[in-house]
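These are the residues of each chain, in order.
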Amino acid sequence: MKSDEIRAKFLAFYKERGHVVERSDTIVPSNDPSLLFSSAGMVQFKPYYTGEIPVPYPTATTSQKCLRAGGKANDLDEVGKTSRHLTFFEMLGNFSFGDYFKREAIQYAWEFSTKVLNFDPKNIVVTVYKDDDEAYDIWRNEIGIDEKRLYRLGDADNFWGPAGDTGACGPCSELLYDKGEHIDPDADPENDPKERFLEFWNLVFPQFDQQADGSRPPLKNRGIDTGMGLERLAALLQGKETVFDTDGIFPIIEATAALTKVAYKDNPVPYRVIADHARAISFMIADGILPGNEGRGYVERRLLRRAARFGRELGLNQPFLYKVVPTVIELMGAQYPELVEKRNQIVRIIQTEEERFGSTLARGMGRLDDIFAQMKKDGVTVTPGEDLFKLHDTYGFPLDLATDIAEDQGYTIDRDGFNAAMAEQKNRGREGWAGSGQKAIAPVYDHVREAHGDTDFKGYDCTACDATIQAIIFDTESVNELTEGQEGEIVLNQTPFYGESGGQVGDTGVLDSVNGNASVANVKKVVGALHCHAVTVKNGVLKVGDKVEAVVDARSRKQTENHHTATHLLQAALQNVIGDHVHQAGSMVSPDRLRFDFTHFEGIDTDRLEDIERLVNDYIRRDEPVVIESKSLDDARAAGAMALFGEKYGDVVRVVTVGDFSMELCGGTHVPRTGVIGYCKIVTEASIASGVRRIEAICGEPCVENIQSQGRQLHNTAHLLKTSLDSVKDRVKILLEENRKLAKEVEKWKAAAAAGNIGELLEQAQDVNGIQVIAANVEGQDGKGLKSLIEKMRDKLGSGVIVLGSAGDGKVALNVCVTSDLCKQIKAGDIVKQVAPIVGGGGGGKPDMAQAGGKLPEKLPEALAQVPKIVAGLL
């Protein structure tokens, strides 16, 4: 049975039993800031168990894409070593929210396992929680499991959750497949070193709601949460020894094998790691995670570099992973169309990161050479573990590669020291992890939404409407009123105010009633479509139940609409000018400007930026109608509508189409025709992350203001230069050339003045342990001038140490010289490393010459006074 067939049979089985087939959530949890990644199928349903939000259906089933490569759930180090561990996997699950409980969950699982999958009942072993008599009795008395195949286990094996720090948890029952006594006749589910038993289904019975303080009150909606790894199930049904040999993963291994001469059977672990990581990285990029140095981006970069490192074990020393990921997309694109839609971005981002890692490794090699040189000098043969860890942590330099190089040069490595440093970092990471960076949502919002439902948004059709105040929130608590001067949040039954989402800022405006009025500074959709209006009461009082007129600031809304529609036009122009690999990676549209983040891998020169701006304005001048329709998600995708990175959409989506050049899924507000925008001006373009660039632009009124402002600046500049507007550039060039000549003359005079003082400076020499040491403050010199002066002094001094410093413009310049005859005794770089921190700076250099800068000019006398003591200490 193929993987796609298993998935389809599972979902169909539960659909026939009344379960809603829900789409997979994204890898980035959409409603849980305590988690780094979606690590289980139940993550998207956590609020349903706790009763935080209304349950839309009593039962559901999913095939959830999961990632366990960071945070609390992390299987990274086991991948490739065992037959079953993966960082990325699909979890098949069925869920009950206050509906059926243990009996039905067990009966369904048994029926699917024995009737649909056709497992021999004699090969199924079951475990239950040690105190769960109810589950034990159902298995023993109703299903008929032999007691010899029914085990009671403790917390570590049979108590699940929560996913994160808080939420639903409870006892569980696991179904394991017994692969036979021939593997290990003495094994049992608790002691199974040879992997005779393979867990394929975990039935969790969420009964408790774990709190931040560790307490576990009963859940409001006790229920069922089951999870079954698709890949493990495929391995059993296809008779494969490992999950890596199944039809869902092995083609990726074959794609890798085509690039190398090392056979899979000769060295399987690197192949398995590469296949797993290729899947994980592809899905992470498709869901909007980009390589970075912290959080999810760091995990992605680590996976990519880990795959690259294992590739080197197969002789793949050049970028190769980007050639493998198309196979991932072919295998899984039908079930997860976001992979197909983001194909170009996935391939390009991975290729760019691989190339960057190559240069990183080159820098790491240089650092490793320095470590070996120091070891040779010190007569040490064991490479320090702490140094190797720094190499690994800073450069991503693999320990195995460092080990091979060390052994080639006759050294061993301190693996224990490396492991200790790694463990210390992991402990710091656990202590420092405080969630995804998103703010946890206060319970009051869920309570308000449960009581009143979502807000009816009227703002697509109007900017003012009558409404009723349903709730008032002050300092995360529900209150009955807000009085003059107080700030809080107001929830209406209906509103014309757009709630901040999809990159578009919330509307501003006023709420007006007979008893008082308030200004609206922002509107956010905190949970679901509950619009919370951030207000300040200007006059009187506003109370729950009051009738109000809700009025949006129409001018600001129109400017925001200009920028939002222009963002769509900008994306179309970018794809036209620089390629269809461009895809939105983030945006912000406000009354003042637009900001558009997009996937691209190099800077855009001025000529191409002008081409892009010209094309956007051509779209505007066409005065095309902006057509907005509601469609099914499948129909919208089939029509070619572009979706946002990492966004989870409902069954019905809003499609915004402009002419024949732009079609996007979008819930924002837009102009009726492109001509309304007027003009769009690109202001800046820059890199913000690996493979991601940002354009900022302005439209309409802000654009006019910008053009007028620049015109005034140019006019004023021309006036100062006493020239015409057309001649400003030529006049500036003349002045710059004159300034350069004058600066050169000044440098000559300064050098001559300093050279005239060489005799006085040499007279300041002190004897430090038989070595002449000069430490002097030379006024009016920069680093270049100090270097020139110190070279002249060195020639006259013959033998000794010279440290010169100069302060000016809030900065300090330092130069250190050690004559060649003394370099074996003392190095200039060592001196500057101790002197520079005193003036708030740092530096380095060669044994005979070093430079540094600082930002504490008032500390220069103190630093120079310390030089003799520092030299003596180093000697």
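You'll find the structure just up there.
Residues numbered from 1 in each chain as written. Predicted model: local features only at pLDDT ≥ 70, side-chain atom pairs only at ≥ 80, totals over all residues. Heavy atoms only, no water.

## Examining the state of the cysteines
Formally: Two cysteine sulfur atoms form a disulfide, by the criterion used here, when they sit within 2.5 Å. Exposure classes here rest on a 1.4 Å probe applied to the protein chains alone. A residue is buried below 20% of its type maximum, exposed above 50%, and partly exposed in between.
Under the definition given, this model contains 0 disulfides. Free cysteine: C66, not disulfide-bonded; nearest cysteine sulfur from C172 at 16 Å. Exposure remark for C66: the relative accessible area of 0% places this residue in the buried category. Not part of a disulfide, C823 finds its nearest cysteine sulfur in C817, a span of 8.0 Å.

## Structural notes on the environment of D133
For clarity, the cut-off: Runs of H or I in DSSP of at least four residues are treated as helices and runs of E of at least two as strands, each being numbered from the N terminus. N or O atoms closer than or at 3.5 Å make up a polar contact, with two conditions inside protein: a donor-capable atom paired with an acceptor-capable one, and, for residues adjacent in sequence, both atoms drawn from side chains.
Looking at the secondary structure, you find D133 in helix α4 (residues 133-143). Within the structure, the side chain of D133 is placed 3.0 Å from the side chain of R152, a separation counted as a polar contact.

## Observations concerning the packing of helix α1 (residues 3-15) against helix α3 (residues 102-116)
Which entries qualify depends on this criterion: Note on geometry: axes are lines fitted to C-alpha atoms, helical ones only across the stretch in contact, with angles between N-to-C directions running from 0 to 180 degrees. What sets the label is the angle itself: under 35 degrees gives roughly parallel, over 145 gives roughly antiparallel, 65 to 115 gives roughly perpendicular, and the rest give oblique. The handedness criterion is simple: a crossing whose near helix is rotated anticlockwise from the far helix by less than a right angle is left-handed, and one whose near helix is rotated clockwise is right-handed. Between two residues, a contact is recorded if the distance between any of their heavy atoms is within 4.5 Å.
At a minimum axis distance of 12 Å, the contact between α1 and α3 shows a crossing angle of 135 degrees. Judged by the angle between their axes, α1 and α3 are oblique. As α1 runs across α3, the sense of the crossing is right-handed. Here K9, F10, F13 and Y14 of α1 come into contact with α3, specifically with Y108, A109, E111, F112 and V116.

## Examining the packing of aromatic side chains
How we decide: Each Phe, Tyr or Trp ring, with Trp reduced to its six-membered ring, pairs with another whose centre is within 6.5 Å; inter-plane angles below 30 degrees give stacked pairs, above 60 give edge-to-face pairs, and intermediate values give tilted ones.
Enumeration according to the criterion identifies 31 aromatic pairs in this entry. Taken together, a centroid distance of 5.3 Å and an interplanar angle of 50 degrees make the contact between F45 and F97 tilted. Here F45 is found in the loop between β1 (20-21) and α2 (46-50), whereas its partner F97 is found in strand β5 (residues 88-97), with 52 residues between them in sequence. Both residues of the pair, F45 and F97, belong to the buried class. With a centroid separation of 4.3 Å and an interplanar angle of 15 degrees, the aromatic rings of F88 and F283 are classed as stacked. Of this pair, F88 sits in strand β5 while F283 is found in helix α8 (residues 268-286), placing the two residues 195 residues apart along the sequence. In this structure F283 comes out as buried when scored by relative accessible area, which is 0%. Through successive ring pairs, a cluster of aromatic residues spans F10, F13, Y14, Y100, Y108, F112 and W201.

## Here we look at the sheet that holds strand β36 (residues 842-845)
Rules: Pairing between two strands is assigned when DSSP locates at least 2 bridges connecting them.
In spatial order, the strands read β32-β33-β34-β35-β37-β36; together these 6 strands make up an open sheet with mixed pairing. The sheet terminates laterally at β32 (766-768) and β36, the two strands that pair on one side only. Between one strand axis and the next, the sheet turns through 20 degrees on average, direction left out of account. In terms of strand pairing, strand β34 (residues 801-808) meets strand β35 (residues 811-818) through 8 bridges, oriented antiparallel. Bridge pairing in β35 links A807 to V812. Against the sheet, helix α23 (residues 783-797) touches β33 (771-777), β34, β35 and β37 (849-854), its axis set at about 155 degrees to β34.

## Side note on the environment of F159
Here F159 shows up in strand β8 (residues 159-160). Taking C-alpha positions, F159 is 9.7 Å from P206, a pair spaced 47 residues apart along the chain. If sequence neighbours within four positions are ignored, F159 has contacts with Y129, G154, C169, G170, P171, C172, F208 and R216.

## Here we look at the sheet that holds strand β29 (residues 662-665)
Across the sheet, 3 strands lie side by side as β27-β28-β29; this open sheet has antiparallel pairing. The open sheet has two edge strands, β27 (626-632) and β29, and neither has a second partner. Direction aside, neighbouring strands of the sheet carry axes that sit 25 degrees apart on average. Where β27 meets strand β28 (residues 652-658), 7 bridges bridge the pair, whose relative direction is antiparallel. Looking across to β28, one finds that I628 is bridged to V656.

## Some words on the nonpolar core
So the rule is basically this: We call a set of buried residues a nonpolar core when its members are Ala, Val, Leu, Ile, Met, Phe, Trp, Tyr or Cys and they connect through side-chain atoms within 4.5 Å of each other.
If you look at the biggest cluster of nonpolar residues, it comprises 72 residues, and the most contacted ones within it are L321 and I350. Top element by residues in this core is α8. It accounts for 11 residues. Once you skip the residues sitting within four places of it in the chain, I350 turns out to touch I281, I285, L304, L321, Y322 and V325. If you look at the next biggest cluster of nonpolar residues, it comprises 39 residues, including A109, I143, I224 and L236.

## Here's the deal with the pairing of β35
Along β35, 7 of the 8 residues are buried, which leaves the element largely enclosed by surrounding structure. Here β35 runs beside β37; their pairing, made up of 6 bridges, is antiparallel. Residue pairing in the sheet places C817 in a bridge with M849 of β37.

## A few points about the pairing of β37
When β36 meets β37, the two strands line up antiparallel, connected through 4 bridges. Its bridge partner lying in β37, G843 is registered against A852. Linking β36 back to β37 in an antiparallel pair, the connection comprises 3 residues.

## Brief notes about the side chain of T327
Along the polypeptide, T327 turns up in helix α10 (residues 321-332). When sequence neighbours within four positions are dropped, the list of residues in contact with T327 reads P251, I252 and A255.

## Details of α3
For an α-helix the count is 3.6 residues per turn, leaving residues at separations of three or four pointing the same way. Condition: How far a helix is expected to stretch is found by multiplying one less than its residue total by 1.5 Å.
With 15 residues, α3 ought to run about 21 Å at 1.5 Å a step, and its terminal C-alpha atoms sit 20 Å apart, in line with that. Where α3 is buried, its residues touch α1, β6 (124-129), α4, β9 (167-178), β10 (197-204) and β12 (223-229). Looking at the residues trailing α3, positive phi occurs at N118, about 60 degrees.

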